[in-house]
Amino acid sequence: DAVNNPKPVQKPHPPLLIGGAGEKLLLRVAAQHANIWNCPNNAATELPRKIEALKRHCDSLGRDFEEIEISEQCVCVLGANEKEFKEKWRLARQLLGGVFDLQRTAFRGTPDQVAEQLRARRAQGVTFFIVLFADFHAPETLQLFAERVLPALHQA
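Remember, predicted model here, so these are calculated numbers, not experimental data.

With respect to the element layout, threonine 110 can be found in the loop between β4 (107-109) and α5 (111-123). Assessed through its relative accessible area of 15%, threonine 110 is described here as buried. With residues near it in sequence (within four places) discarded, threonine 110 still touches Leu78, Gly79, Asn81 and Glu82.

Here it is, written out as structure tokens:
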């Protein structure tokens, strides 16, 4: 019964994104209600298992799994070249290494390397990425991503 003024334009409501990785309750709620399920960064290494759990919940609820878009919260460490990447990687480990398991989950490297990593994740079913750039969205990094990574994603 939460107040929502002004009312949303979309009918019946704006797309609902539910994020989390709990296989018993959270993924069941996502299967029942979400338009988009977001896999948190700390569960990214378990993505295939989480997707299977979501599918099982969809089956048990009679919902078409294909109605749910899969997204992932991710960290990206991007450098224009190998030298720049190595410096950004060193800083990312200092600044974010205590919060994120960068070694196991970060998309990282040069634009070609990051594009390849994103394509591999897309092959697993992820079509929507929520990206935290490890340099906290420096304008040069955003421009590099837009000019070199995104076009490479569209080529595949």
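Moving on, there is more to tell.
Attention now moves to the packing of aromatic side chains. One pass over the structure, following the stated rule, counts 3 aromatic pairs. With a centroid separation of 6.1 Å and an interplanar angle of 90°, the aromatic rings of phenylalanine 107 and phenylalanine 129 are classed as edge-to-face. Here phenylalanine 107 is found in strand β4, whereas its partner phenylalanine 129 is found in strand β5 (residues 126-133), with 22 residues between them in sequence. Overall, phenylalanine 107 belongs to the buried group, its relative accessible area being 5%. Phenylalanine 129 sits in the partly exposed class, given a relative accessible area of 24%. Note on phenylalanine 133 and phenylalanine 145: the rings are 5.1 Å apart at their centroids and 75° apart in plane angle, and the pair reads as edge-to-face. Here the residue phenylalanine 133 occupies a position in strand β5, and phenylalanine 145 occupies one in helix α6 (residues 139-155), the gap between them amounting to 12 residues. Overall, phenylalanine 145 belongs to the buried group, its relative accessible area being 13%.

Here the focus is the layout of surface pockets. For the largest pocket, the calculated volume is near 150 Å³. Secondary-structure elements contributing two or more residues to the lining of the largest pocket are α5, β5 and α6. At 4 residues, β5 tops the list of elements feeding residues into the lining of the largest pocket. For the lining of the largest pocket, a count of residues per class yields 6 nonpolar, 2 polar and 1 charged.

A separate point is the pattern of salt bridges. Here the structure, examined in full by the defined rule, presents 12 salt bridges. Note that arginine 121 and glutamate 72 form a salt bridge whose closest N and O atoms lie 2.5 Å from each other. Taken as a pair, arginine 121 in helix α5 and glutamate 72 in strand β3 (residues 69-78) lie far apart in primary sequence, 49 residues in all. Residues arginine 121 and glutamate 72 agree in their burial class; the two are buried. Bridged by salt links that share partners, the residues Glu23, Glu46, Arg49 and Lys50 form one connected network.

Let us look at helix α1 (residues 26-33). Within α1, burial applies to Leu27, Ala30 and Ala31. Each buried residue of α1 lies within a common arc of 100° when the element is viewed along its axis, so the set occupies one face. Lining the buried residues of α1 we find β1 (17-19), β2 (36-39) and α2 (47-61).

The next point concerns the nonpolar core. Counting 18 residues, the largest nonpolar core has Ala30, Trp37, Leu47, Ile51, Leu54, Phe65 and Ile70 as the members making the most contacts within it. If you tally residues by element for this core, the top one is α2, at 5 residues. Beyond its immediate chain neighbours, meaning those up to four positions away, phenylalanine 65 contacts Ile51, Leu54, Lys55, Cys58 and Ile70.

What counts and what doesn't
- Residues numbered from 1 in each chain as written.
- Predicted model: local features only at pLDDT ≥ 70, side-chain atom pairs only at ≥ 80, totals over all residues.
- Heavy atoms only, no water.
- Helix = DSSP H or I, 4+ residues; strand = E, 2+ residues; numbered from the N terminus.
- Buried < 20%, exposed > 50% of the residue type's maximum accessible area, 1.4 Å probe, protein only.
- Contact = heavy atoms within 4.5 Å.
- Phe/Tyr/Trp six-rings, centres within 6.5 Å; stacked < 30°, edge-to-face > 60°.
- 1 Å grid on protein atoms, 1.4 Å probe; cavity = no way out; pocket = protein on both sides within 12 Å on 5 of 7 lines; lining within 4 Å.
- Points joined across faces, edges and corners; volume = space filled by probe spheres on them.
- Nonpolar A, V, L, I, M, F, W, Y, C, P; charged D, E, K, R; others polar.
- Salt bridge = Lys/Arg side-chain N within 4 Å of Asp/Glu carboxyl O.
- Arc of directions from axis to C-beta.
- Core = buried A, V, L, I, M, F, W, Y, C linked by side-chain atoms within 4.5 Å.

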